[in-house]
Each structure stands twice: as structure tokens, then as C-alpha cells.
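Fold and contact review
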Amino acid sequence: MALISLAQGLAHAQQHGYALGAFNVLDTHFLRALFQAAEQQRSPFIINLAEVHFKYVSLDHLVAAIRCEAARHAIPVVLNLDHGLHFEAVVQAVRLGFTSVMFDGSGLSYDENVRQTKEVVRLCHAVGVSVEAELGAVGGDEGGALTGEADSAKFTDPARAADFVKSTGIDCLAVAIGNAHGKYKGEPRLDFDRLAAIRSAAGIPLVLHGGSGISDADFRRAITLGIHKINFYTGMSQAALDAIETQIGQRDARYDSFAELLMAVERNISSVVAQQMQIFGSSGRA
């Protein structure tokens, strides 16, 4: 089916009490793995393409493959720019047909974050593209750092959430409540009281970045408190690396060893994603 907007996907997730998994794609093997999991689980989902990963892909070719694959399946799918840091990347994504943009102004001052986010919303909403923004700063580094940890000084301020949403007109808000990108240093501890306060103040669907490493129970509790989009990539990357290590350890001289390695990567990623769809409550929602 045709790609849907994030606003459409979130409305359904909010109505039925689940979260959409947002899974990053680096090539067509990742892409095929996602659709295999989605078909198995009958789950809607979000395809993330992060600006920091643009250097690894032929963006226009990969987007064409995504649109082609989506058309072959009766699964609602969102194509989202993940952590768009520059206005030029946002424009590029809109021109290529992304249906959602996550503009990350978390490294800016509050006033500058509002100003730039508002400009992104003006551009995107004019052509029916949804916008996610971040208030506070999620720990770690989405660019591939090994580990990450949360900084309580940068947690989302509930008192500012209402003003930020009203001032920018965003469709959903990424929050910092103890979550971090990459592998966690120690056990993640989410501030659920803060999350509840943010939900009350913001009044829109909330987003949890840094999903790899959070417990199943914490995911489910977060969803009851307003989280309806969960980003998950590190666990996929680790699954791919595990498959590669296993295949290399069993390698023989056959000419098709590399092809078998790629198939093993797909299987591992698909298995991990299917598990997360069950945890997020999106299975059977397509």
C-alpha cells in the first residue's frame, strides 16, 4: 500500500493503545527483514533513515526501493527522516517523498529550537508531511557510539512542553526521561513520573528514542503513559553483527558463502524486529 503519514499512524496507535516501532534501514537487506517481520506479525511500522547514515547509502535509490517494497505489501508504513539536523536534509527528505520528518534541535538553545522547528513544521505541513521534534536531549550518540547514558540535567522539562508544542505545531514530541542512544551503561532507569507530567502538558503523542536495552515491562508502562513511537536500531545492528560472526566462524570455501551471510543477517534482524513489534503491542494491528 502507499506510505502513510506519521500523524495517521500515531492516531491509530493512540486510539488502540500501542506504539509504532521505528526501525532504521541501511540497505535492502534491512528493508526486506523489516517487511518479513511486519508480514509475520501483521504490524504497521516506521522506516527510519537517519541523516547521519546518508553517507552510507545512495539515498534516492534506497527511497525508491522502500516505496516499491511498501507498494507490494498491505501493511501501513511511514517513511521517516530520523534525527534531521539540518534544514537542507529536511528539504531533501520532503522532495524524495518522506512522509515524516524528525527535526532534532536538541543541541540548540530553547528559543532557537522553537524557531527552527517552527520553520520545519511550516514547510512540512504545507505538503502533508508530519513533524517530530525533541525537547531536552536524549543521552548517547545516534551516530554509532558504543554506549550511551542519560544526563538528568538534560531531561525534558514538563513545564516547557506545553509551550513548545503550542509554539511549534509539531505532531509528536521526543522526550528525554532517562533513555539513551546506543548500548546503555548499566540498567536504564526511566522517569515515569516525568513522562506522565509531560503527557499531561504536551497533549500529543510522545516518542521514546534509544529503545535498545529497555526492559519489556518498561516499554509497556511507557506506552500506557503516552509513548506511541519507539525508535529501535542498536539491537538490530547487534543482531546483524552476531549473524556475521556466526557465519564467518562456520565459513567454508563455497562461492555462495557471502550470499548466505547476507541471508543470515536478514533472518536475525527480522527475528529481533518481530519480537519488538510484539512488545510494542503493534502485532495484529495492520
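Below or above, wherever it landed, is the structure these notes cover. (Residues numbered from 1 in each chain as written. Predicted model: local features only at pLDDT ≥ 70, side-chain atom pairs only at ≥ 80, totals over all residues. Heavy atoms only, no water.)

1. Describing the overall build of the protein chain
- A count of helices and strands for the protein chain gives ten helices and ten strands.
- A compact globule built from 286 residues would reach a C-alpha radius of gyration of about 19 Å, and the protein chain, at 18 Å, matches this within 12%.
- With respect to the principal axes defined by its C-alpha atoms, the protein chain has extents near 60 × 40 × 35 Å.
- The proportion of buried residues among the 286 residues of the protein chain is 52%. (Helix = DSSP H or I, 4+ residues; strand = E, 2+ residues; numbered from the N terminus. Rg over C-alpha atoms; globule rule 2.2 N^0.38 Å. Buried < 20%, exposed > 50% of the residue type's maximum accessible area, 1.4 Å probe, protein only.)

2. As for the packing of aromatic side chains
- On inspection of all chains with the given rule, the structure shows four aromatic pairs.
- Ring plane angle 70° and centroid distance 6.3 Å describe the contact between F23 and F232, whose orientation is recorded as edge-to-face. Residue F23 is located in strand β1 (residues 20-24), and its partner F232 is located in strand β10 (residues 227-232); the two are separated by 209 residues in the primary sequence.
- Ring geometry for F35 and F45: centres 5.2 Å apart, planes at 80°, overall edge-to-face. With a gap of ten residues between them, F35 in helix α2 (residues 28-41) and F45 in strand β2 (residues 45-50) connect regions that are remote in the sequence. Neither F35 nor F45 differs from the other in exposure class; each is buried.
- Residue placement shows R160 over the ring face of Y110; its charged tip is 4.0 Å from the ring centre. (Phe/Tyr/Trp six-rings, centres within 6.5 Å; stacked < 30°, edge-to-face > 60°. Lys NZ or Arg CZ within 6 Å of the ring centre and 35° of its normal.)

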